[in-house]
Amino acid sequence: AGYRQARCLAFNRRGALLATGCHDGSCILWDFDTRAGPTKILNEKEAPGISSAVVAVSWSHNGRRIVTAEEKGRVRMWDVESGTVLYATRFESVSLTVQVNPKDPDVFLACPNQGEPVVINVRDGSQTEIVGSQVPEGTASAAPRNTKGGVELQRNYSACFDSEGGLVYV
């Protein structure tokens, strides 16, 4: 069997492991220390047609977890060692950005293409939207409303944690 087509990638903090999100919904881990080819494939055994391409991937600070986001809106947190899914959710649109909190591997950020960024706590399953519309209109930092034919269009947001994991920058 040949290698799968990669759509996105991310190195772990040390730069020794590379996670590649693939077109078939799997995430392949490569070890650059041993250079032994794929060391692990994260993929649930599902019925054909369920999985969609992985378009974003992020490592936890300790390298024990990976978050993947798929084209069809599914976001999953994986345990790297066991290859099991620790948490899964689905958004109405693709999340092109995911990031594990740098200080808490049980918390990650997802940015759905249509909607506000969401902080997800795996321990209790809570999802907290980071509402970008809280910035008052008319202030210097507020983005103008995006309309077409008088209908307000959905804003797309990008976000990330600060280095301590206590703040989310939108």
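This report concerns the structure included in the present document. Values in this document were obtained by computation on a predicted structure and should not be read as measured data. (Residues numbered from 1 in each chain as written. Predicted model: local features only at pLDDT ≥ 70, side-chain atom pairs only at ≥ 80, totals over all residues. Heavy atoms only, no water.)

So, the overall build of the protein chain
Scanning the protein chain from N- to C-terminus turns up zero helices and 16 strands. Relative to its full complement of 170 residues, the protein chain shows a buried share of 44%. With an accessible surface of roughly 9500 Å², the protein chain has 49% of that area assigned to carbon and sulfur atoms. (Helix = DSSP H or I, 4+ residues; strand = E, 2+ residues; numbered from the N terminus. Buried < 20%, exposed > 50% of the residue type's maximum accessible area, 1.4 Å probe, protein only. Areas by Shrake-Rupley, 256 points an atom, 1.4 Å probe, with all protein chains shown as cover.)

What to know about the environment of Thr 84
With respect to the helices, strands and loops of the structure, Thr 84 is situated in the loop between strand E7 (74-79) and strand E8 (85-90). Placed 40 residues apart in sequence, Thr 84 and Glu 44 show a C-alpha to C-alpha distance of 7.9 Å. Not counting the four nearest positions on each side in its chain, Thr 84 is found in contact with Met 77, Trp 78 and Asp 79. Among the polar contacts made by the side chain of Thr 84, one reaches the side chain of Ser 82 at a distance of 2.8 Å. (Contact = heavy atoms within 4.5 Å. Polar contact = N/O pair within 3.5 Å; in protein donor to acceptor, adjacent residues only side chain to side chain.)

A word on the sheet that holds strand E1 (residues 6-11)
Across the sheet, four strands lie side by side as E1-E2-E3-E4; this open sheet has antiparallel pairing. In this open sheet, the two strands that pair with only one neighbour each are E1 and strand E4 (38-42). Direction aside, the axes of adjacent strands within the sheet are offset by 20° on average. (Pairing = 2+ DSSP bridges. Axes fitted to C-alpha atoms, helices over the stretch in contact; angles between N-to-C directions.)

Some points on the nonpolar core
By size, the foremost hydrophobic cluster in this structure holds 14 residues, and its most contacted members are Val 67, Val 75, Met 77, Val 98 and Phe 108. Of all the secondary structure elements, the ones that give two or more residues to this core are strand E6 (65-70), E7, strand E9 (95-100), strand E10 (107-112) and strand E11 (118-121). Setting aside residues no more than four positions away along its own chain, Val 67 makes contact with Ala 56, Val 57, Ser 58, Val 75, Arg 76, Met 77, Val 98, Val 100 and Phe 108. Listed in part, the 12 residues of the second largest apolar core include Leu 29, Val 54, Val 57 and Val 80. (Core = buried A, V, L, I, M, F, W, Y, C linked by side-chain atoms within 4.5 Å.)

A word on a nonpolar patch on the surface
Among the surface-exposed residues, Leu 9, Phe 11 and Phe 32 lie close enough to one another that they form a single nonpolar patch of about 300 Å² accessible area. As for its position among the elements, Phe 32 is in the loop between strand E3 (27-31) and E4. Residue class for Phe 32 comes out partly exposed when judged on its relative accessible area of 36%. (Patch = residues over 30% accessible without salt bridge, like charges linked within 9 Å, V, L, I, M, F, W, Y side chains within 5 Å. Salt bridge = Lys/Arg side-chain N within 4 Å of Asp/Glu carboxyl O.)

As for the environment of Val 98
Summarising the element assignment, Val 98 is placed in strand E9. Between the alpha carbons of Val 98 and Thr 68 there is a distance of 7.2 Å; along the sequence they are 30 residues apart. Ignoring anything within four residues of it in the chain, the contact list for Val 98 reads Ala 56, Val 57, Ser 58, Val 67, Ala 69, Val 75, Leu 109 and Ala 110.

Quick word on the sheet that holds E8
Strands sit in the order E5-E6-E7-E8 across an open sheet of four strands; the sheet is antiparallel. Pairing within the sheet leaves two strands with one partner each, and these edge strands are strand E5 (54-59) and E8. Neighbour-to-neighbour, the strand axes of this sheet turn through a mean angle of 15°, independent of strand direction. Note: E6 against E7, five bridges, orientation antiparallel. Note on E7: the bridge partner recorded for Ala 69 is Val 75.

Quick look at the pairing of strand E2 (residues 17-22)
In terms of residue burial, E2 counts as a mostly covered element, since five of its six residues are buried. Relative to E2, E1 runs antiparallel, the two being bridged by five bridges. Residue pairing for E2: Ala 10 is matched across the bridge by Ala 19. Connecting E1 to the antiparallel partner E2 that follows it, the hairpin turn spans five residues, and Gly 15 within it adopts a positive phi of roughly 80°. Pairing geometry for E2 and E3, over five bridges, is antiparallel. If you follow Thr 20 over to E3, its bridge partner there is Ile 28. Hairpin remark: E2 followed by E3, antiparallel, with four residues in the connecting loop; positive phi at Gly 25, about 95°.

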